[in-house]
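Single-letter residue listing:
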Amino acid sequence: MVRLLGPHDRLLRTLEQQYPDLDVHVRGNQITLGGTPADVTAASQLVRELVTMIQNGHDLGEVEVASSARILEQGAGSPADVLSQAILTSRGKSIRPKTLGQKAYVDAIDLNTIVFGIGPAGTGKTYLAMAKAVQALQRKEVDRIILTRPAVEAGERLGFLPGTLTDKIDPYLRPLYDALNEMMDPELVPKLLATGVVEVAPLAYMRGRTLNSSFIVLDEAQNTTPEQMKMFLTRLGFGSKMVVTGDITQVDLPTGASGLQLVTRVLGDIDDIHFARLTSDDVVRHTLVGRIVDAYTKYDAQRMAQQHERETARGTGAEGANRAERRAGLPRDRQAGIRRNPRRGGW
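Our subject in this report is the structure included herewith. (Residues numbered from 1 in each chain as written. Predicted model: local features only at pLDDT ≥ 70, side-chain atom pairs only at ≥ 80, totals over all residues. Heavy atoms only, no water.)

**A word on the pattern of salt bridges**
To keep it simple, the criterion reads: Just to be clear on terms, a salt bridge is a Lys or Arg side-chain nitrogen sitting within 4 Å of an Asp or Glu carboxyl oxygen. Helix and strand assignments follow DSSP, with helices taken as H or I runs no shorter than four residues and strands as E runs no shorter than two, numbered in order from the N terminus.
Scanning all chains against the criterion turns up eight salt bridges. For Arg-149, the salt bridge is made with Glu-220, and the minimal N-O distance between the two is 3.1 Å. Note that Arg-149 is positioned in strand β6 (residues 144-149) and Glu-220 in the loop between β8 (214-218) and α10 (226-233), a separation of 71 residues in sequence. Between Asp-178 and Arg-174 there is a salt bridge, and its shortest N-O distance comes to 3.8 Å. One end of the pair, Asp-178, and the other, Arg-174, are both in helix α8 (residues 165-183), four residues apart, so they sit about a helical turn from each other. Where salt bridges share partners, they join Arg-149, Asp-219 and Glu-220 into one cluster.

**Some thoughts on helix α2 (residues 10-18)**
Because an α-helix packs 3.6 residues into every turn, residues spaced three or four apart end up facing the same way. Where we set the bar: Note on classification: 1.4 Å probe, protein chains only; a residue is buried when its accessible area is under 20% of the maximum for its type, exposed when over 50%, partly exposed between these limits. Of all possible arcs, the one meant is that of the directions from the helix axis to the C-beta atoms.
For α2, the complete set of buried residues consists of Leu-11, Leu-12, Thr-14 and Leu-15. Down the axis of α2, the smallest arc covering the buried residues is 155°, so these residues share one side.

**Here we look at the sheet that holds strand β5 (residues 114-118)**
Short version of the rule: Two strands are said to pair when DSSP picks up at least two bridges between them. A fitted line through C-alpha atoms represents every axis, and for helices the fit uses only the stretch in contact; the resulting angles, taken between N-to-C directions, go from 0 to 180 degrees.
As summarised here, the arrangement of the six strands in space is β7-β6-β8-β9-β5-β10, forming an open sheet in which the pairing is parallel. Single-partner strands in this sheet number two, and they are β7 (198-202) and β10 (273-277). On average, each strand axis in the sheet is tilted by 15° relative to the strand beside it, whichever way the strands run. Across five bridges, the pairing between β6 and β7 is parallel. From the neighbouring strand, Leu-147 faces β7, where its bridge partner is Val-200.

**Some words on the environment of Gly-124**
Selection rule: Residues are treated as being in contact if the distance between any of their heavy atoms lies within 4.5 Å.
Tracing the backbone through its elements, the reader meets Gly-124 in the loop between β5 and α7 (125-138). Of the residues examined, Gly-124 reaches a relative accessible area of 17% and is grouped as buried. As a C-alpha pair, Gly-124 and Thr-99 span 25 residues in sequence and 9.9 Å in three-dimensional space. Among residues more than four places away in sequence, those in contact with Gly-124 are Gln-102 and Tyr-105.

**Considerations on the packing of α10 against helix α11 (residues 259-266)**
Put simply, the rule reads: Crossing handedness is read from the near helix: turned anticlockwise from the far helix by less than a right angle, it gives a left-handed crossing, and turned clockwise, a right-handed one.
Taken N-terminus to C-terminus, the directions of α10 and α11 make an angle of 60°; their axes are 8 Å apart at the nearest point. Of the two elements, α10 crosses α11, and the hand of that crossing is right-handed. Listed contacts from α11 to Pro-226, Met-229 and Leu-233 of α10 are Gly-259, Leu-260, Leu-262 and Val-263.

**Regarding the nonpolar core**
Heads up, the rule is: The criterion is simple. A nonpolar core is a set of buried Ala, Val, Leu, Ile, Met, Phe, Trp, Tyr and Cys residues joined through side-chain atoms within 4.5 Å.
Ranked by size, the top nonpolar core spans 35 residues in total, and within it Tyr-105, Leu-147, Leu-180, Met-183 and Phe-215 carry the most contacts. Listing elements by their share of this core, those giving two or more residues are α6 (100-111), α7, β6, α8, α9 (188-195), β7 and β8. Of the residues forming this core, the biggest block, eight residues, is contributed by α7. For Leu-180, the contacting residues outside a window of four places in its chain are Met-130, Val-134, Leu-147, Val-189 and Val-198. By size, the runner-up hydrophobic cluster in this structure holds 23 residues, among which are Leu-12, Ile-54, Val-65 and Ile-71.

**Notes on the packing of aromatic side chains**
Test applied: Centre distance within 6.5 Å is the pairing criterion for rings of Phe, Tyr and Trp, where only the six-membered ring of Trp is used; planes under 30 degrees apart are then read as stacked, over 60 as edge-to-face, and the remainder as tilted.
Scanning the model with the defined rule gives one aromatic pair in all. An angle of 10° between the planes, with centres 4.6 Å apart, marks the rings of Phe-116 and Phe-275 as stacked. Taken together, the residues Phe-116 in strand β5 and Phe-275 in strand β10 connect sequence positions 159 residues apart. By the burial criterion, Phe-116 is buried, and Phe-275 matches it.

Here it is as structure tokens:
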């Protein structure tokens, strides 16, 4: 019961938030639900699933409760089955997908050679890709792991910082190192890096290479140019897998289009390439992160709609009138689109 309710009854409050009209009372080892038949049925089913997950060794959090409720509401199966797949177990902690979208993302990595994980911050795109990479190495499905990301400043200029090239590049790659140390023995990581079994490098170092028997993860792919994305994807060798992750709403490129935005249109119909799209429902950070993502998405949509309205009004207003006036002052043949040939002196 303590694990079901959570610290300070936090999970109990999450359950009440899922069903606002439900009365929940806890006494000892018994939970009493009161409300409409539909709410009582749904909530009791959710509680049974959460109890099963605890018995299977799950550590429940607010994300698991909300995700389980969503899975039951969508009729996507049993949360205890959908969210039971453990990718890794490190230091007594199991790494597993926590939402339906994350489960689909992990399954796509198993079934496809190249997978694009596209979604907002906090949806576990990079973390789950790293876990699958470590799993593949431990199972000897690949000989090495290659982790890369473009070295693009997020609105800051870091080129004049002191230190060697490695010292300047490491801050960009720090999230990859952090995830690696969390999933593997920290004493083993330096040895794997020294022997080349695990390689962490900026994207520019990938040019000219053929990556065989490797699990390659490209992080922050929204900051690649179309040319860089093409270069990276064509590094794929035999027996390798690629996972490309990014958030197309957070592009830090100073100019030009994002390679991640373009690749969705170019490679969308090719077999063995999968695009997994995660949403705010898959955010596994603080609950506020999902609300922040939704708020920015709504704001961007409104801004694009207003911009479209201004462009439409401008095109049908003054510019349209000016074009009509200019055409009215031309000979009838010119209005029809026939151009004058100055050499022959005619139209």
